[in-house]
Each structure stands twice: as structure tokens, then as C-alpha cells.
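Spelled out, the chains give:
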Amino acid sequence: MHVVVNAAMSVDGKLASHRREQLAISGPEDFDRVDRIRAAADGVIVGVGTVVADDPHLTLDVTDRRVQRQRHGRPGNPARVVADSTARTPLDARILDDEATTYLLVSEQTSEERRTKLADAGAEVIVVGDDRVDLAAGIDRLADEGIERLMIEGGGELIFSAFDAGLVDELSVFVGSQLIGGRDAPTLADGDGFTEEFPVLTLDDIEQLDDGVVLKYTVEA
Ligand SMILES: NC(=O)C1=CN([C@@H]2O[C@H](COP(=O)(O)OP(=O)(O)OC[C@H]3O[C@@H](n4cnc5c(N)ncnc54)[C@H](OP(=O)(O)O)[C@@H]3O)[C@@H](O)[C@H]2O)C=CC1
Ligand SMILES: Nc1nc(O)c(N)c(N[C@@H]2O[C@H](COP(=O)(O)O)[C@@H](O)[C@H]2O)n1
């Protein structure tokens, strides 16, 4: 499995304001770049924090990219995946519509009743982890479903966990030109933070887009 993280942050490293509402940090050129990364992926994963905050759709914006995928025998949209230990994804979430397969990674602590409701609403429910979603195990299960390239779109909790578990191969981040501030605003990598061993990244490319820059890194094994 090849795992790529992509996100957009402000100059001060925030993914959104402290209100955790969806905020357009990217401009049109960067959103198009995001669409291209989605189009190259077999699956796109977010944490349930992002589902609750943004109600994202996670499909491709550009029709021609869907058509090209179908020409190559792939689904028009990549699969959508949510890490959601307690199965709190709302039953009317946009990611549960029928425009793509949607996997919900949940933990053992979720009830059969809730899993059935989510399955009835359109999700493929996968149980991985006792109290919290075990991301590494989840990624193995997604590989069994044919997902070979996974894009992690955020938010900061999920991105931290993916780095913490040593699952990330590449990171690209758009740095917009606004300052958001706020000690409680989500950042690129939140979680508990690293204290002794810090992931080391290699800067491969810098590109100016919209009013900001895209930084592309590979992650050292
Ligand atoms: N600018 C950008 O590019 C992006 C911005 N955002 C913004 O980020 C914010 C949301 O980010 P954030 O609050 O960090 O939420 P996340 O989207 O990272 O979701 C975090 C939640 O996912 C669940 N989860 C399940 N398993 C794991 C695991 N193994 N590791 C980590 N989390 C897990 C947890 O909830 P539980 O315990 O219930 O399972 C956790 O609280 C929103 O404001 C959104 O707008 C989001 C994406 C991109
Ligand atoms: N790359 C990027 N730039 C921004 O400025 C953003 N706010 C985000 N957010 C992510 O995109 C998701 C929305 O997806 P849909 O348009 O609904 O498909 C959102 O939930 C974040 O994951 N990303």
C-alpha cells in the first residue's frame, strides 16, 4: 500500500480555525491539484472529525478524470474511507451516497445495531481495533479490498496517527498566505505529538500555486 497525505494549511500551520469549520485555504489551482491526487488514488480517507466538521463528499470534481478512470476499468470515483471508532458518522452524511464505495473503519466497541444502520445507509463497515480504529490493520483490510494507493486528506488527528504508525510514504502540503491562529485550531499533525523520535521528511519539490506554495516530501522509512 502506498500512502500519500495531502492537506492545506495556513502560514502558521493551521488546517482550519478554532471553530473547526471548513475553510478554503486552497485556491482554484490547488483544489485542481487535490482533484488530481484523488483521481490517482484508489481510496481517500478522513477522520470522523472531518466528516462531522465539513460533511465532505470526497469525489472527483472533474468529470473527465472520472471517465478516464472508468476507461481503465476503475470505479469513476476512488473509494471513500472514514476512521470512526465509535461509528458516529451521521446517517445522512454526504459520503454515504451512492457515488462511490464508502468504507467505515470502526472499533469493536460499536454496537451491531449501529453498524447495521450505517450499512443500511450505504457504508461497508470494517471492524479494526478494540477501543480505537487500528489504522495499520485498517489499511491491511483496505488492501484486501483492492486499494493499493490511499490518499489521507486529514484532519490533524488522523494525519498524526498515520505518521505515528509509520504508514506515510509521501506528504504534500499547500501553504496558503493567511494566518489563522488559535491554540485550539487544528494543525497539520495534532494527536499527542512526538517527543523523542521525530519523523524525518525529505523535501523533493516546491511549486508556487494560487497565493501560496505546495511543498512535496517523501518520508524516510
Ligand atoms: N485544510 C485541510 O486540508 C483540511 C482541513 N480539515 C479540518 O480539520 C478539522 C478536523 O480535524 P480533526 O479534528 O483533527 O479531525 P480528524 O478528521 O483527524 O478526525 C479525528 C477523529 O478521527 C477518529 N479516529 C479514529 N481512529 C483514529 C486514529 N487511529 N487516529 C486518529 N483519529 C482517529 C477519532 O474520533 P473517534 O475517537 O470518535 O474515532 C478522532 O477524534 C476540521 O476543522 C476540518 O475542516 C480536515 C481535512 C483537511
Ligand atoms: N486541500 C484542501 N484545501 C482546503 O482549503 C480545504 N479546506 C481542504 N479540505 C478538505 O477537503 C474536503 C472537502 O471535500 P469535498 O469538496 O466535499 O469533496 C474537506 O472535508 C477536507 O478533507 N482541503
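This one's a predicted model, so the numbers in the text were calculated from it and none came from an experiment.

## A few points about the site of ligand 1
- Around ligand 1 lies a shell of 31 residues, among which Gly 47, Gly 49, Ser 85, Gly 154 and Gly 155 are the nearest.
- At the level of secondary structure, the elements contributing two or more residues to the shell around ligand 1 comprise strand 1 (2-9), strand 2 (43-47), helix 2 (48-54), strand 6 (149-154) and helix 6 (156-164).
- Looking at the shell around ligand 1, the element that brings in the most residues is helix 2, giving five residues.

## Quick notes on the site of ligand 2
- In the region of ligand 2, 16 residues are neighbours, and Ala 8, Ile 25, Ser 26, Asp 54 and Pro 56 sit closest.
- For the shell around ligand 2, the secondary structure elements donating two or more residues are strand 1, helix 2 and strand 6.
- Of the residues that constitute the shell around ligand 2, the class distribution is nine nonpolar, five polar and two charged.

## Observations regarding the UniProt feature "domain: Bacterial bifunctional deaminase-reductase C-terminal" (unreviewed entry) in the chain
- Annotation from UniProt places "domain: Bacterial bifunctional deaminase-reductase C-terminal" (unreviewed entry) at residues 2-215.
- Measuring from the first to the last C-alpha atom of residues 2-215 gives 19 Å, for a span that is 27% helix and 25% strand.

## As for the confidence of the model for the chain
- Predicted confidence across the chain gives a mean pLDDT of 97, with 100% of residues reaching 70 or more.
- Scoring the predicted complex yields pTM 0.97 and, for the interface, ipTM 0.98.

## What to know about the pairing of strand 1
- A large share of strand 1 lies buried, amounting to seven of its eight residues.
- Taken together, the four bridges between strand 1 and strand 6 define a ladder with parallel strand orientation. The residue of strand 6 that forms the bridge with Val 3 is Leu 150.
- Examined bridge by bridge, strand 1 and strand 7 (residues 170-175) share six bridges and lie parallel to one another.

## Considering the sheet that holds strand 6
- Taken in spatial order, the nine strands line up as 5-4-3-2-6-1-7-9-8 in an open sheet, and their pairing is mixed. Edge positions in the sheet fall to strand 5 (123-127) and strand 8 (201-209), since each has one partner strand and no second. Geometrically, the sheet is characterised by an average inter-axis angle of 20° between neighbouring strands, direction not taken into account.
- One ladder, built from five bridges, connects strand 4 (residues 102-106) with strand 5; its direction is parallel. Across the sheet, Leu 104 pairs through a bridge with Val 125, a residue of strand 5.
- Contacting strand 1, strand 2, strand 6, strand 7, strand 8 and strand 9 (212-219), helix 1 (residues 28-40) runs over the sheet at an angle of about 165° to strand 1.

## Examining the nonpolar core
- Residues Val 82, Leu 104, Leu 105, Leu 150, Ile 152, Ile 159 and Ala 162 are the most contacted members of the largest nonpolar core, which totals 55 residues.
- Looking at which element gives the most residues to this core, the answer is strand 1, with six residues.
- Excluding its chain neighbours within four sequence positions, the residues that come into contact with Leu 105 are Val 81, Val 82, Ala 83, Asp 84, Ile 126, Val 128, Val 133 and Gly 138.

Thresholds applied
Residues numbered from 1 in each chain as written. Chains lettered and ligands numbered in written order. Predicted model: local features only at pLDDT ≥ 70, side-chain atom pairs only at ≥ 80, totals over all residues. Near = placed C-beta within 6 Å. Helix = DSSP H or I, 4+ residues; strand = E, 2+ residues; numbered from the N terminus. Nonpolar A, V, L, I, M, F, W, Y, C, P; charged D, E, K, R; others polar. UniProt positions renumbered as here; feature names shortened; annotations may be inferred. pLDDT = per-residue confidence, 0-100. Buried ≥ 20, exposed ≤ 12 C-beta atoms within 10 Å, placed from the backbone. Pairing = 2+ DSSP bridges. Axes fitted to C-alpha atoms, helices over the stretch in contact; angles between N-to-C directions. Contact = placed C-beta atoms within 7 Å. Core = buried A, V, L, I, M, F, W, Y, C linked by C-beta atoms within 7 Å.

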